[in-house]
Structures are given as structure tokens and as C-alpha cells.
Amino acid sequence: KTVRLFLTAGESKVIKVNYTTNSTDNIEIKAVIDENNEVNEMDENNNIIIEIIRFPDIGIEWAYISTAVKINETKDLRFDLRKEGYGAVEANLTVKLDNKVIHNEKITFDEWYYNWKYRKVSISFNESGTHNLTIIITPIGTKDKNIADNIKTMTINVKEAKVDIKKVQEEE
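Residues numbered from 1 in each chain as written. Predicted model: local features only at pLDDT ≥ 70, side-chain atom pairs only at ≥ 80, totals over all residues. Heavy atoms only, no water.

A few words on the confidence of the model for the protein. Interpretation of the predicted coordinates at a detailed level should be avoided for regions scoring low in pLDDT. Confidence in the prediction of the protein, expressed as mean pLDDT, is 87, and 94% of residues score 70 or more. Averaged over each element, pLDDT in the protein is lowest for helix α1 (residues 165-171) (63) and highest for strand β6 (residues 89-97) (97). (pLDDT = per-residue confidence, 0-100. Helix = DSSP H or I, 4+ residues; strand = E, 2+ residues; numbered from the N terminus.)

Below, the structure written as C-alpha cells:
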């Protein structure tokens, strides 16, 4: 987009540009003043400014929960969330058990380039069988450079606890 402005010495103007992209590649924004050297200036070396917008990458670094569970047992799901890239980022964290939301919270990553958030979510398994446990992290208000690491699904096998009554009686 090209905008032509006329400024007097010492004058400044703010230009606002709305820009939407589906890309998560770095975006270069360049502003050039007096591109054709039409104005005689004391300093001709300050007529270009370039800003690069870099999208952050958030994701699930690792996750662990015991995959062999007894019915009515509670286990801790432990995981690290990671943000790479400058600037604070907010994200929604969702944990689902068989597509049912069991945990939801807003996470705020600090502005440092690398930032990790450790989480522990206690989960009760009340039904036997094979269950899918899914962790999803979704940025709020920004694009994510790599969405491939935003979802992690684990399979949990929940078994009924069986007790051999004869064996228990013999041990007594």
C-alpha cells in the first residue's frame, strides 16, 4: 500500500494500516520517506524504517501420564508448554478425556524469547476400557508459527481391579 503525505520540517504524522494474512512467515513492513530525494534534507540516511513481525511458536514440549490405570484411580497428567519468540502471548489450554473437556484455563507466556509453563492436571478414570486423553494449546490474538505441536493425544488403558479372593484368604 502506498500513501503520499506532505510534511513540513519537524512535523510528524501517524499512519495506521490494517493488514491480515494467513501466512505465519516473518512479515517485513517498510516505510520510505522522500524516496526520490525531492526534499533537500540535512540527513538523507533516516528516510527508511523496516520492522519485521515475527509470529511466535507455542506448543506442547512433553507430556506424561501412566498409561496403565485401574478403574476409579486418579493419575496426574504432567506436561510442559513452550513459547518461542519475543512478546507476551496468551493461549487457551484445554484437556479432553474422550473429547469431553475436563480442564480449561488461560495461560500467559512472558515476553522472553523462550518461556515454559509446567502444568499438572489430576484425572480420575471411572470407566474401564481404552480412553483418549488430548492436550490442546491455542494462541489468543495471534497466529502460531507451527501448529503441528499444539495438540498431543495419548491412549490410556483403564482396567477393572480384580482380586483373587482365594489367594487373599490363603495369605491371611
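This part covers the pattern of salt bridges. A full pass over the atoms with the stated rule returns eight salt bridges. Between E73 and K75 there is a salt bridge, with its nearest N and O atoms 3.6 Å apart. We classify E73 as partly exposed; its relative accessible area is 25%. The exposure class of K75 is partly exposed, given its relative accessible area of 24%. Here E105 ties to R119 by a salt bridge, and the two come within 3.3 Å at their closest N and O atoms. (Salt bridge = Lys/Arg side-chain N within 4 Å of Asp/Glu carboxyl O. Buried < 20%, exposed > 50% of the residue type's maximum accessible area, 1.4 Å probe, protein only.)

This next bit is on the packing of aromatic side chains. The full count for this structure, using the stated rule, is four aromatic pairs. Centre to centre, the rings of Y113 and Y114 are 4.9 Å apart; their planes meet at 80 degrees, and the pair counts as edge-to-face. What links up through ring pairs into an aromatic cluster is the set Y86, Y113, Y114 and W116. (Phe/Tyr/Trp six-rings, centres within 6.5 Å; stacked < 30°, edge-to-face > 60°.)

Among the surface-exposed residues, V3, L5, L7, I15, V17 and Y19 lie close enough to one another that they form a single nonpolar patch of about 560 Å² accessible area. Positionally, V3 belongs in the segment before β1 (27-32). Here V3 falls in the partly exposed class, since its relative accessible area comes to 42%. (Patch = residues over 30% accessible without salt bridge, like charges linked within 9 Å, V, L, I, M, F, W, Y side chains within 5 Å. Areas by Shrake-Rupley, 256 points an atom, 1.4 Å probe, with all protein chains shown as cover.)

Next up on the list: the sheet that holds strand β3 (residues 57-64). Pairing within the open sheet is antiparallel, and its three strands lie in the order β3-β5-β8. At either margin of the open sheet sits one strand with a lone partner, and together these are β3 and β8 (114-125). Direction aside, neighbouring strands of the sheet carry axes that sit 25 degrees apart on average. As judged from the twelve bridges shared by strand β5 (residues 73-84) and β8, these two strands associate in the antiparallel manner. (Pairing = 2+ DSSP bridges. Axes fitted to C-alpha atoms, helices over the stretch in contact; angles between N-to-C directions.)

As a further point, take unusual backbone geometry. The phi angle of most residues is negative, glycine excepted, and most peptide bonds adopt the trans form. Residue N37 is not a glycine yet carries a positive backbone phi of 50 degrees. Not every positive phi belongs to a glycine, and N72 is a case in point at roughly 65 degrees. Inspection of the secondary structure assignment puts N72 in the loop between β4 (68-70) and β5.

Moving on: the nonpolar core. Grouped together as the largest cluster of nonpolar side chains are 24 residues, with contacts concentrated most on L77, F79, I123 and L133. Only β3, β5, β6, β7 (100-109), β8, β9 (129-140) and β10 (151-159) provide two or more residues apiece to this core. Considering every element that reaches this core, the biggest residue donor is β6, with five residues. Sequence-distant contacts of F79, defined by excluding residues within four places in its chain, comprise W62, A63, L93, V95, K117, Y118, R119, V121 and I135. (Core = buried A, V, L, I, M, F, W, Y, C linked by side-chain atoms within 4.5 Å. Contact = heavy atoms within 4.5 Å.)

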